[in-house]
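Residue-level listing of the chains:
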Amino acid sequence: MLETSSLGDEIYSLIRELYPICRSITGEGFRETLARIQKEIPLDVHEVPSGTQVFDWTVPKEWNIRDAYVKNSRGERIIDFKRHNLHVVNYSVPVHRKMSLAELRTHLHTLPNQPDWIPYRTSYYKESWGFCLSHNQLQAMREDEYEVCIDSALENGSLTYGQCYLRGQSSAEVLISCHACHPSLCNDNLSSVAMATFLAKYLGQAQLRYSYRFLFIPGTIGAITWLSQNEDHLDAIQHGLVLTCVGDRGHITYKKSRRGDADIDRAMAHVLKHSGRRYDIENFSPYGYDERQYCSPGFNLPVGCFMRTPHRKFLEYHSSADNLELMDPASLAHSLMTCLSAFYVLENNRWYCNQNPKCEPQLGRRGLYHAMGGDRGQKLQEAAMLWVLNQSDGEHTLLDIAERAGLAFDTVHDAASLLLRHGLLKEVPAQR
Ligand code: ZN
């Protein structure tokens, strides 16, 4: 069993280490991030050249940045990339010249309603440049001749992604995907990057029925690239999750796959229902994260999206306030444990056939039925045995039975294991 208090601290520490790196959808920051994750889990790093056609998209040029600033006429860096990497519009083309405040202003981005925060802006697919700063900082800027410098490079290179494959007994796969392209932002997306790393680390030590594939990819273009390059392999994916925003103090939100009734949707709903904690379940929508690509109609993969507070519901989203203070180690551990519980359901969900289907088998004779009193756990176990015996006609899975009986999957699974040991059940092949 995992020690959840130290687990949350470990995930948090990885977030803290990755926080200062200036990531983007391509470039050295992304590679540096994967290199750090590689210290925890086996990760294959793939490079896809700029210009590669991936469905309707093209892998962009690679972006790297060394420095950026705006200096006033006294030579003071009044906006400084080295103080916060959100100060530069991600994917800004190089610039180095002097200009007036009026000209500079057309390249400045602020959040007037949150005057202390720096916004996060990108310009991946249109060549431009800009700076982001707090609104208060902008208000303090006076007419002057400013020296503007962005020491970046936008050149042919490659898009990088990381893949960790854990082989189980079956080649059928569970896909876990997270975007890892944001610079110093925590909930979106370092929380999911760090949680996925520890999920892979834990599952790597377990006996698994399914194989698990973890993807650390740049958002949108990374999922499109991966799908494009792995199209003939997608039949293996039987369940999947996109992870994002998993470290804030809010409750869990699960967004169903486009199918709506995939096993992952049912397993997650079941686990949340029996968690005793508040949660939300949302129907699929074609916006959000990379579930948009996995659930596009040409693939329609059974991939849901696991979050705590969805991006549109926390003010700090895409700003400098999505920082380490927003991260809660207990929430990080709880997010990971909830996903593990859903995977436990998937791993153990089977079809069985009652081997004594004509009337009930005599459980008392086998020591399985305690007619005298018994505690609540015992009563639940007995109810679960009766449900499993009654519904195991080869057409209902243990999850079907747990749902029908209103019992937790664990209880039904324990009952099935006991009946199996007494020869009263037999596993049968999957029926759907
Ligand atoms: Zn984002």
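Residues numbered from 1 in each chain as written. Predicted model: local features only at pLDDT ≥ 70, side-chain atom pairs only at ≥ 80, totals over all residues. Heavy atoms only, no water.

Can you help me understand the overall build of the protein chain in this one?
Of the regular secondary structure elements, the protein chain holds twelve helices and 19 strands. Overall, the protein chain is about 95 × 45 × 35 Å in size when its C-alpha atoms are taken along their principal axes. Relative to its full complement of 432 residues, the protein chain shows a buried share of 56%. Of the roughly 19100 Å² that the protein chain leaves accessible, carbon and sulfur atoms contribute 46%. The positive charge centre, built from 45 side chains, and the negative charge centre, built from 51, are 3 Å apart in the protein chain. (Helix = DSSP H or I, 4+ residues; strand = E, 2+ residues; numbered from the N terminus. Buried < 20%, exposed > 50% of the residue type's maximum accessible area, 1.4 Å probe, protein only. Areas by Shrake-Rupley, 256 points an atom, 1.4 Å probe, with all protein chains shown as cover. Lys, Arg positive; Asp, Glu negative; His and termini not counted. Charge placed at Lys NZ, Arg CZ, Asp CG, Glu CD.)

Can you help me understand the side chain of Asp400 in this one?
The topology assignment puts Asp400 in helix H11 (residues 398-405). Under the relative-accessibility criterion, Asp400 is labelled buried at 14%. At 2.8 Å, the side chain of Asp400 and the backbone nitrogen of Thr397 are in polar contact. With residues up to four places along the chain from it excluded, the contact list for Asp400 reads Arg266, Glu395 and Arg432. (Polar contact = N/O pair within 3.5 Å; in protein donor to acceptor, adjacent residues only side chain to side chain. Contact = heavy atoms within 4.5 Å.)

I'm lost on the pattern of salt bridges in this one. Help?
Side-chain pairing between opposite charges can occur once the charged atoms of the two side chains come close. A full pass over the atoms with the stated rule returns 18 salt bridges. Between Glu103 and Arg97 there is a salt bridge, with its nearest N and O atoms 3.0 Å apart. When salt bridges that share partners are traced, they join Glu17, Arg36, Glu40 and Lys201 into one network. (Salt bridge = Lys/Arg side-chain N within 4 Å of Asp/Glu carboxyl O.)

What should I look at first to understand the coordination of the zinc ion in this one?
The reference angle at a metal is 109.5 degrees if four donors form a tetrahedron and 90 or 180 degrees if six donors form an octahedron. Protein-derived ligands of the zinc ion are His182 (NE2), Asp188 (OD) and His318 (NE2), with the metal-ligand distances lying across 2.0 to 2.1 Å. Along the chain, the residues that donate to the zinc ion are spaced as H-x5-D-x129-H. Linking Asp188 in helix H5 (residues 186-203) with His318 in the loop between strand E16 (303-307) and helix H9 (329-348), this pair joins segments that are 130 residues apart in sequence. (Donors = N, O, S within 2.8 Å, 3.2 Å for Na, K, Ca; no water.)

Would you take a moment to explain the domain arrangement of the protein chain for this structure?
One frequent convention defines the size of an interface as the accessible area lost when the parts assemble. Along its sequence, the protein chain is carved into domain 1 (4-59 + 158-348), domain 2 (62-155) and domain 3 (351-428). Computed over C-alpha atoms, the centres of domain 1 and domain 2 are 31 Å apart. Buried area between domain 1 and domain 2, both sides added, is near 1700 Å², and the carbon and sulfur share of it is 56%. For the interface between domain 1 and domain 2, the tally reads one salt bridge. (Domains from an automatic or database assignment. Buried area = accessible area lost by both parts, 1.4 Å probe.)

Please clarify how the environment of Leu336 should be interpreted in this entry.
Along the chain, Leu336 falls in helix H9. Overall, Leu336 belongs to the buried group, its relative accessible area being 0%.

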